[in-house]
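Structure at a glance
Given next are the chains, with one letter for each unit.
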Amino acid sequence: MSEQILSKIAVLTSGGDAPGMNAAIRSVVRTAITSKIEIMGIQQGYAGLVAGKMAPMTLSSVANIIQRGGTILKAGRSLEFHKQEVRAQAAQSLRAAGIQGLVAIGGDGTFTGAHLLAQEHNFPVVGIPGTIDNDIFGTEETIGFDTALNTAMEAIDRIRDTAASHDRLFIVEVMGRDSGFIAIDVGLAGGAEEVFIPETLINVDLAIQSIKRGVARGKNSSILVAAEGQKVGRAYDLAEQIRRKAGFESKVCVLGHIQRGGAPTARDRILASRLGFASVRALQQGLTDVMVGVQSGQVVPVKFKDCLHKKRRVPQELIDLAHLLAH
Ligand code: F6P
C-alpha cells in the first residue's frame, strides 16, 4: 500500500437505492475535486459501466442533492456483470477512459462485483455500504438504514392510531429479504406485540399468546411486525394462520418501497458524507478491494473478503428485549 497520485476516478451506485446515496455521491465528488482529481459519474451501476455510460461530474452537478432520496446516478442489479468476460470488458473500458480507481456504492451484490473487478483485473476499487437492510458484515451501519427505519416507525405510529380507534389487529410488513434489522428495530421503536424476522423461525403461537395477554388486560388493538423475508406479502399468510389458529381477524399493511424513498435523515447524510470522503482518501492511500465501514464509531477500511459471504446477525439482545417489552 503506497500513496497514489490519482488524476481520475469514477463513482457508481448499484443494487437497490437507499436514502443518503446522493449525499455519498456529493461527498465523493467534492472530496475528489478539492483533491484535484477528475471524477466521472457512471449511470445505472454496473450495466452503465459496461455500456460506457459515464460523464464528468463537477462541484455544481452535486449541488442541492444532499437532501434528496434515490440516486442521481440511478441504480440497478446487473445480471450481465456476473459473467467474467463482461467484467473484463468493464475493466478495459475503465482503463481506456483513463480511470484509475472506482468507488462503488451499494450492498453485498455491489461489493461482490467490485471484489471480482479488483481480484480478476487488479483494478482499484473501494466500496461504500449503501442499503436500507443494514446487513453488511463489517460495518455497524449502512447508508439508508436510519431513514428507512424512521419511515417505517412513522407508518406504524399512524397505523396504531387507527388500530386503537377500531380495536384492530394489524400486521405491518417491512423490507428485509434476508435480514431482520429494520423489523426488529422498528418493532422495538414502535412497541410491536411480536416481530417476525427471517433469521428465526416464525412462531405464530407466540404472537397469538401475546395478543391474548393484551386482550386479557383490556387491550384490544395490537401491532405485529413482519420482515418480508423471501416472500413479499408474507404478512397475508401470517394473517391467515392467525385467523385459522385463534380466530383473530387482522388487517395487513405492506410498507414496501415507501421505505426506500424520501429525504435521508441527518444521521444518514452524515454517515454518507464521512464514508464518501473516506472512500476517496482510501484510493489515494493505495487501498483497494475494501469497503469503508464504521466500527466502534470510527470509519475504517474492511477487506471485501472479510465482509462478503458473512451474515451480520440481528443481536439476540434486541430480539429478547422486543419479546420482553411486548408483555
Ligand atoms: O436490498 C434492499 C431491499 O430493499 C430488500 O429489503 C428488498 O427485499 C429488496 O431490496 C427489493 O428490491 P427490488 O424491489 O428493487 O428488487
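In what follows, the accompanying structure is described. Keep in mind it's a predicted model, so treat the numbers as computed, not measured.

A closer look at the site of the ligand
Contacts to the ligand come from Arg77, Thr131, Ile132, Asp133, Met175, Gly176, Arg177, Glu228, His257 and Arg260. Here histidine 257 contributes a side-chain N or O atom positioned 2.8 Å from an oxygen atom of the ligand. A distance of 2.9 Å separates an oxygen atom of the ligand from a polar atom in the side chain of arginine 260. Protein chains bury 76% of the 390 Å² of accessible surface belonging to the ligand in isolation. Across the shell around the ligand, the residue classes break down as 2 nonpolar, 3 polar and 5 charged. Taken domain by domain, the makeup of the shell around the ligand includes at least three residues from each of domain 1 (8-144 + 264-307) and domain 2 (148-260).

Things to note about helix α5 (residues 145-166)
Over its 22 residues, α5 runs 31 Å from end to end, which matches the ideal 32 Å to within 8%, given 1.5 Å per residue. On the buried face of α5, the contacting elements are β6 (169-174), α6 (181-189), β8 (222-227), β9 (250-254) and α9 (266-284).

Structural notes on the packing of aromatic side chains
Tallied over the full model, the rule gives 2 aromatic pairs. Their ring planes at 10 degrees and their centres at 4.1 Å tell us that tyrosine 46 and phenylalanine 81 sit as a pair that is stacked. Of this pair, tyrosine 46 sits in helix α2 (residues 45-50) while phenylalanine 81 sits in the loop between β3 (54-56) and α3 (84-96); the two residues are 35 residues apart in sequence, bridging distant segments of the chain. We note that tyrosine 46, like phenylalanine 81, is buried.

Criteria and thresholds
Residues numbered from 1 in each chain as written. Predicted model: local features only at pLDDT ≥ 70, side-chain atom pairs only at ≥ 80, totals over all residues. Heavy atoms only, no water. Near = heavy atom within 4 Å. Polar contact = N/O pair within 3.5 Å; in protein donor to acceptor, adjacent residues only side chain to side chain. Areas by Shrake-Rupley, 256 points an atom, 1.4 Å probe, with all protein chains shown as cover. Nonpolar A, V, L, I, M, F, W, Y, C, P; charged D, E, K, R; others polar. Domains from an automatic or database assignment. Helix = DSSP H or I, 4+ residues; strand = E, 2+ residues; numbered from the N terminus. Expected span 1.5 Å × (residues − 1). Contact = heavy atoms within 4.5 Å. Phe/Tyr/Trp six-rings, centres within 6.5 Å; stacked < 30°, edge-to-face > 60°. Buried < 20%, exposed > 50% of the residue type's maximum accessible area, 1.4 Å probe, protein only.

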